[in-house]
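The primary structure of each chain is shown beneath.
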Amino acid sequence: MATTQETQPTTQPSGPTFQREKHIQYFKRNLQMLPEPMTLGLFAIGGLELLGVLEEAISEANRKAWIEWIYSQQRIPSKDSPSEDDDALYGFGGPFSGLAFQEPTDGQQNLGCECNSHTTPYDTAHLTMTYTALLSLIMLGDDLSRVAKEPILKSLRKLQQPNGCFIPCITDYEPDMRFVYCAAAVSYILNDWSGIDRPALLNFIRESQTYEHGFAQSPRHEAHGGTTYCAIASLGLMGGDAFLDQRTMVRQEGETDSEFEERRARAGFVDLEGTRRWCLQRQTTGFQGRTNKPTDTCYSFWIGGAIAAIGSFDLVNFECNRGFLMETQHKAFGGFGKWVDTYPDVLHSYMGIASLALMGEPGIRPLEPLLNISKRMQERLYNETVFWKK
């Protein structure tokens, strides 16, 4: 993982009050809808984690129960699965899973739903749900020991397209940068990149950098804040040469032309300075997601997280961004809306909290922008999960 820059304000924020207690209550109310689509569950759990009350808000019994429910949505190979070339897709399902929850019996661990090539394609594993399930399991205190790593890596190979991009599931041909990020994050969490053709992935990311220097969903499309974050975070998770900038690379002493070109081909950025400029130009008060679009709460993280990932968050106008977020928080019952004077939803509420975490808002835990989890949970990944701990 590339090193990200921590930026903390030197003084207490001034201006409108951050309604921390109301936001806690908002996320608690959203938890009452669990089980629900995996991604919405992640936002509710992640919001409480960033607000520092996860273990207080969710009892140990409920954390264990939700861990079991998440594992019940895992698609694993059946014992009589034919061969390596079956068409089943493994990982975690969603967004609205049709699988019933089944309690483990006879002391056996709940490993998930056995699938094979005859499993219905309308209730299959999904790349985004696999990413959000893994993060949720980490935050709920699981060590990931029941995660079917090799089948998930096998499925990643199926989902990567010839141009290097990813689709989310076999039945959904929707190839774009969102699923590139999910594949990179899943590989990082599993600490295994063998499911990805890295050169093809890097080429797709480079070709998606537009004339504006932001990143689009795919080549020849418009630069967008969300996909710019996904591209930059993917490169950061890949680390090493992938996080280098072709425009500023120089030949090292003793390096031949062919060696230099090979190293240059491993760099993910075509023009990092242009990307930095494009991201910073998206700030009006908060951030807009595209040129000439209105400011929106979620881009305070999507763009802010991208800027933090490339080590330039000190160039953000904290006061303006915080001021915008204080206007989009709902004063009566907590949460954040998309715009000023709109009702909150759990996605924008989480993204608002995440942006405030990047700015060091008191009462919010520090955020690791590449995985979009608290730094406390990043340490849990490294020290308490089976794929990372020594």
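As recorded by an unreviewed UniProt entry, the protein chain carries the name Geranylgeranyl transferase type-1 subunit beta and is attributed to Linnemannia hyalina.

A.B. asks: When you look at the overall build of the protein chain in this model, what are you seeing that I'm missing?
C.D. replies: Check the secondary structure of the protein chain and you find 15 helices and 5 strands. Burial status across the protein chain gives 58% buried among its 390 residues. Considering only contacts in the protein chain between residues 6 or more positions apart, those separated by 24 or more positions represent 72%. Carbon and sulfur atoms make up 50% of the accessible area of the protein chain, which totals about 16700 Å².

A.B. asks: Is there a simple way to think about the packing of aromatic side chains in this case?
C.D. replies: Geometrically, a pair of aromatic rings is defined through the distance of the ring centres and the angle of the planes. All told, the structure shown has 14 aromatic pairs when counted by the stated rule. For the ring pair Phe243 and Phe269, a centre distance of 5.5 Å and an interplane angle of 75° mean the geometry is edge-to-face. Taken together, the residues Phe243 in the loop between α9 (225–238) and α10 (257–265) and Phe269 in the loop between α10 and α11 (272–281) connect sequence positions 26 residues apart. Considered together, Phe243 and Phe269 belong to a single accessibility category, that of buried residues. Consider the rings of Phe333 and Tyr343, whose centres lie 6.4 Å apart with planes at 5°: the pair is stacked. A residue pair is termed long-range when its members are at least 10 positions apart, and Phe333 in the loop between α13 (318–328) and α14 (346–358) and Tyr343 in the loop between α13 and α14 qualify at 10 residues. On the basis of relative accessibility, which here comes to 64%, the residue Tyr343 falls in the exposed class. Put simply, the rings of Tyr131, Tyr181, Tyr229, Phe301 and Trp302 touch in pairs and so form one group of aromatic residues. Stacked on the ring of Trp193, the Lys or Arg Arg198 has its end atom at 5.3 Å from the ring centre.

A.B. asks: Help me out: how do you make sense of the packing of α11 against helix α12 (residues 299–309) in this one?
C.D. replies: Any two packed helices are characterised by how steeply their axes cross, that is the angle between the axes, and by the distance between the axes. In the contact formed by α11 and α12, the axes pass within 10 Å of each other and the chain directions differ by 145°. For the crossing formed where α11 meets α12, the hand is left-handed. Across from Trp278, Cys279 and Leu280 in α11, the residues of α12 making contact are Ile303, Ala306 and Ile307. Broken down by class, the residue content of the contact of α11 with α12 amounts to 6 nonpolar, no polar and no charged.

A.B. asks: Whenever I open this one, the environment of Met238 confuses me. Can you help?
C.D. replies: Along the polypeptide, Met238 turns up in helix α9. Separated by 30 residues in sequence, Met238 and Gly268 have C-alpha atoms that sit 9.6 Å apart. For Met238, the residues in contact, after removing those within four places along its chain, are Trp193, Arg198, Leu201 and Leu202.

A.B. asks: Whenever I open this one, the packing of helix α2 (residues 38–50) against α14 confuses me. Can you help?
C.D. replies: Look at α2 against α14: their axes get within 9 Å of each other, and the N-to-C directions meet at 35°. Considering how the two elements wind past one another, α2 and α14 form a crossing that is left-handed. For the pair α2 and α14, the contacting residues are Leu40, Phe43, Ala44, Gly46, Gly47 and Leu50 in the first and Val346, Leu347, Tyr350, Met351, Ile353, Ala354 and Ala357 in the second. Across the contact of α2 with α14, the residue classes break down as 11 nonpolar, 2 polar and no charged.

A.B. asks: Would you mind going over the sheet that holds strand β2 (residues 91–92) with me for this structure?
C.D. replies: Working definition: the strands of a sheet are paired by backbone hydrogen bonds and lie parallel or antiparallel to each other. Read from one edge of the open sheet, 3 strands run β2-β1-β3, paired in mixed fashion. Because the sheet does not close on itself, it has two edges, and the strands there are β2 and β3 (113–115). Where strand β1 (residues 74–77) and β2 come together, 2 bridges link them in antiparallel fashion. Note that in β2 the partner of Arg75 across the bridge is Gly91. The strands that helix α4 (residues 60–72) touches are β1, β2 and β3; relative to β1, the one it contacts most, it runs at about 50°.

A.B. asks: What should I look at first to understand the pattern of salt bridges in this one?
C.D. replies: Any two side chains of opposite charge can pair, given that their charged atoms come close. This structure, assessed with the given rule, holds 20 salt bridges. A salt bridge links Glu49 to Arg365, with the shortest nitrogen-to-oxygen separation between them at 3.0 Å. With Glu49 in helix α2 and Arg365 in the loop between α14 and β4 (367–368), the pair connects residues that are 316 residues apart, well separated along the chain. Classification of Arg365 as partly exposed rests on a relative accessible area of 22%. One salt bridge in this structure joins Arg178 and Glu174, with 2.9 Å as the shortest N-O distance. For Arg178, a relative accessible area of 33% gives the class partly exposed.

Conventions used here
Residue numbering note: each chain is counted from 1, following its sequence as written. Totals for whole chains, interfaces and linings use all residues, but because this is a predicted model, local features are given only for residues with pLDDT of at least 70 and pairs of side-chain atoms are given and counted only at 80 or more. Side-chain numbers come from the whole structure's heavy atoms, not from hydrogens or water. Counting from the N terminus, the helices are DSSP H or I runs at least four residues long and the strands are E runs at least two residues long. Relative accessible area decides the class of each residue, using a 1.4 Å probe on protein chains only: under 20% of the type maximum gives buried, over 50% gives exposed, and in between gives partly exposed. In this analysis, two residues are considered to be in contact whenever any of their non-hydrogen atoms come within 4.5 Å of each other. In this description, accessible areas are obtained by the Shrake-Rupley approach with a 1.4 Å probe, and a residue is regarded as covered only by the protein chains that are shown. Two rings from Phe, Tyr or Trp (for Trp, the six-membered ring) form a pair when their centres sit within 6.5 Å of each other. Planes less than 30 degrees apart are called stacked, planes more than 60 degrees apart edge-to-face, and all others tilted. Remark: a charge is flagged as sitting over a ring if the NZ atom of Lys or the CZ atom of Arg is within 6 Å of the ring centre and within 35 degrees of the ring normal. Throughout, an axis means a line fitted to C-alpha atoms (over the contacting stretch in the case of helices), and angles, computed between N-to-C directions, take values from 0 to 180 degrees. In this scheme, a crossing is called left-handed if the near helix is turned counterclockwise away from the far one by less than a right angle; it is called right-handed if the turn is clockwise. Each residue is assigned to one class: nonpolar for Ala, Val, Leu, Ile, Met, Phe, Trp, Tyr, Cys and Pro, charged for Asp, Glu, Lys and Arg, and polar for all the others, Gly among them. Two strands qualify as a pair provided DSSP detects at least 2 bridges between them. Basic side-chain nitrogens of Lys or Arg form a salt bridge, by our definition, when they fall within 4 Å of a carboxyl oxygen of Asp or Glu.

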